[in-house]
Amino acid sequence: MGEMRLTSPAFKDNGRIPARYTCDGDNINPELRIEHVPDGTKSLALVMEDPDAPNGLWVHWILWNMGPRTTELVEQAEPREVVIGKNSWGHNQYGGPCPPSGTHRYVFRLYALDTTLELAGTASKGQLDVAMQDHVIEEAVLTGLYGGE
């Protein structure tokens, strides 16, 4: 990974995600900050997933075609120009952490792409992964924890 960074004022990397951003709270997306997007980036994509879900990877939020000059995603809002794909619940929106038991990791992955994607909002993470293949310039990762103490 290079210089690109993804952070949140709501929680530190590998820190606990506040309940406000989960199914136990308001179930809204946390503010995210983006820094040092590499030159040549045409668009950004973001995936939030739970690799600890009992039935395999659970996708909470996917969006793409964010402008390369995007510096933040504000709390409880997605930029207008983005495409929001289907999460594992089948909804085109943010779905907060909601682990059935134990503490889970919630991984936010930000991708700098050398293109904009011709991908419909009905697309899943798998379809996004295929569309991004050979177009990722750089990736930044932010991990939050949520669940039982």
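Being a predicted model, the structure only gives us computed values, none of them experimental.

1. Notes on the overall build of the protein
Alright, step 1. Along the protein, the regular secondary structure elements total one helix and nine strands.
Alright, step 2. Listed N to C, the secondary structure of the protein is β-β-β-β-β-β-β-β-α-β in terms of helices and strands.
Alright, step 3. Against the compact-globule benchmark of 15 Å for 149 residues, the protein has a radius of gyration of 14 Å, which places it among compact chains.
Alright, step 4. Expressed along its principal axes, the backbone C-alpha trace of the protein runs to roughly 45 × 30 × 25 Å.
Alright, step 5. Every one of the 149 residues in the protein was classed for burial, and the buried ones make up 44%.
Alright, step 6. Looking at the protein alone, contacts between residues at least 24 apart form 71% of all its contacts between residues at least 6 apart.
Alright, step 7. Per element, the accessible surface of the protein, about 7500 Å² overall, is 45% carbon and sulfur.
Alright, step 8. When the 12 positive and 21 negative side-chain charges of the protein are each reduced to one mean point, those points stand 3 Å apart.

2. Concerning the environment of alanine 131
Alright, step 1. By the secondary structure assignment, alanine 131 is in helix α1 (residues 125–132).
Alright, step 2. Classification of alanine 131 by relative accessible area gives partly exposed; the value is 24%.
Alright, step 3. Each C-alpha atom of the pair alanine 131 and glutamate 118 lies 8.1 Å from the other, and the pair is 13 residues apart in sequence.

3. Things to note about unusual backbone geometry
The general pattern is negative phi for most residues beyond glycine and trans for most peptide bonds.
Alright, step 1. Residues other than glycine seldom take positive phi values, yet asparagine 14 does so here, at roughly 65 degrees.
Alright, step 2. Counting through the fold element by element, asparagine 14 comes out in the loop between β1 (5–7) and β2 (15–16).
Alright, step 3. Located in the positive-phi region is asparagine 27, a residue other than glycine, with phi close to 55 degrees.
Alright, step 4. Inspection of the secondary structure assignment puts asparagine 27 in the loop between β2 and β3 (32–35).

Parameters at a glance
- Residues numbered from 1 in each chain as written.
- Predicted model: local features only at pLDDT ≥ 70, side-chain atom pairs only at ≥ 80, totals over all residues.
- Heavy atoms only, no water.
- Helix = DSSP H or I, 4+ residues; strand = E, 2+ residues; numbered from the N terminus.
- Rg over C-alpha atoms; globule rule 2.2 N^0.38 Å.
- Buried < 20%, exposed > 50% of the residue type's maximum accessible area, 1.4 Å probe, protein only.
- Contact = heavy atoms within 4.5 Å.
- Areas by Shrake-Rupley, 256 points an atom, 1.4 Å probe, with all protein chains shown as cover.
- Lys, Arg positive; Asp, Glu negative; His and termini not counted.
- Charge placed at Lys NZ, Arg CZ, Asp CG, Glu CD.

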